[in-house]
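# Structural overview
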Amino acid sequence: MTTLRRFTCDDLFKFNNVNLDVLTATYNNAFYADYFVRWPGYQSAAVAPDGTVMAYVFGKAEGKEHNWHGHVTAVTVACEYRQLGMATMLMELLERVSEHIYNGYFVDLYVRASNNVAIEFYKRLGYVVYRTVQKYYSGTEDGLDMRKALPRDTHKLSVKPPERTVVQPHEVDP
């Protein structure tokens, strides 16, 4: 049986099996610690009965006024646990935190334009491509800014495409 719980500092020493995927962004311990302190409700893990971290999601709240939203920093599942619905559960959990705790208007995320599997997954969850950020990933690969409106955004303004649907990284603000 899988347990969904908060991601803890101890999990930083147990989640290498999840981070082996080349498409998974990894960060230093100070980065993760900052997230634990500033947005504790957003960091979650799916854990096997033996304590193995099977999947995790990291997120945060950001923006101002009608741009106040939840942001998916990372969601990933270890290869041996894929296709079991864990990423869906973790994304839904992050969306609930964004809606009920932080009262956000929407949830957003960035995904590599070449990662078709992830793009289709997010679309199945109700996310839409809001805009393309040219050379977002290490200055070489475009990123897609995908969004899903939350109930607070009654008119779905957060997912209405902007005038410019292609921007540069320096033009992106939270």
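From a predicted model like this one, the values you see are computed outputs, not experimental measurements.

Reading guide: rules and limits
Sequence order sets the numbering: in each chain, residues are counted from 1 along the sequence as written. Only residues with pLDDT of 70 or above have their local features reported here, since the model is predicted, and side-chain atom pairs are shown and tallied only from 80 upward, although totals for entire chains, interfaces and linings are computed over all residues. Processing note: side-chain calculations cover all non-hydrogen atoms of the structure and skip hydrogens and water entirely. Grid points spaced at 1 Å and placed over the protein atoms alone form the basis of the search, with a cavity being a set where a 1.4 Å probe fits but cannot get out and a pocket an open set showing protein on both sides within 12 Å along at least five of seven lines. Lining residues have an atom within 4 Å of a point. Grid points are joined across faces, edges and corners, and a volume is the space filled by probe spheres set on the points. Helical segments are the DSSP runs of H or I of at least four residues, strand segments are the runs of E of at least two, and each set is numbered from the N terminus. Gly counts as polar in this scheme, as do all residues outside two lists: the nonpolar Ala, Val, Leu, Ile, Met, Phe, Trp, Tyr, Cys and Pro, and the charged Asp, Glu, Lys and Arg. To estimate the expected span of a helix, count its residues, drop one, and scale the result by 1.5 Å. A simple rule labels every residue: compare its accessible area, found with a 1.4 Å probe on the protein chains alone, to the largest value its type can have, and call it buried under 20%, exposed over 50%, or partly exposed in between. Only heavy atoms matter for contacts: two residues are in contact if any of them lie within 4.5 Å across the pair. By nonpolar core is meant a set of buried Ala, Val, Leu, Ile, Met, Phe, Trp, Tyr and Cys residues that side-chain atoms within 4.5 Å join together.

## Observations concerning the layout of surface pockets
Each pocket or cavity is described by its volume, and for the largest pocket that value is around 960 Å³. Along the walls of the largest pocket sit 36 residues, with V75, T76, N115, A118 and Y122 positioned nearest its centre. For the lining of the largest pocket, the element with the highest residue contribution is strand 4 (residues 69–77), accounting for seven residues. Split into classes, the residues belonging to the lining of the largest pocket amount to 23 nonpolar, eight polar and five charged.

## Considering helix 3 (residues 86–101)
Taking 1.5 Å per residue, 16 residues should reach 22 Å; helix 3 reaches 22 Å between its end C-alpha atoms and fits that length. Looking at helix 3, one finds that the buried residues are M86, A87, L90, M91, L94, E95, V97 and S98. Two residues or fewer past helix 3, N103 is found with a positive phi of approximately 55 degrees.

## A few points about the side chain of S44
As for its position among the elements, S44 is in strand 2 (residues 44–47). Residue S44 is classed as buried on the basis of its relative accessible area, which comes to 4%. The contact partners of S44, leaving out residues within four places of it in the chain, are R5, R6, F7, A55, Y56, V57, L90 and L93.

## With respect to the nonpolar core
Within the largest apolar cluster, 44 residues are counted, with the highest numbers of intra-cluster contacts made by M91 and Y122. Of all the elements in the fold, those that place two or more residues in this core are helix 2 (29–38), strand 2, strand 3 (53–62), strand 4, helix 3, strand 5 (106–112), helix 4 (116–124) and strand 7 (141–149). The leading source of residues in this core is strand 3, at seven residues. Sequence-distant contacts of M91, defined by excluding residues within four places in its chain, comprise V72, V75, L109, F121, Y122, L125 and Y127.

On their own, these measurements won't tell you what the molecule is for.
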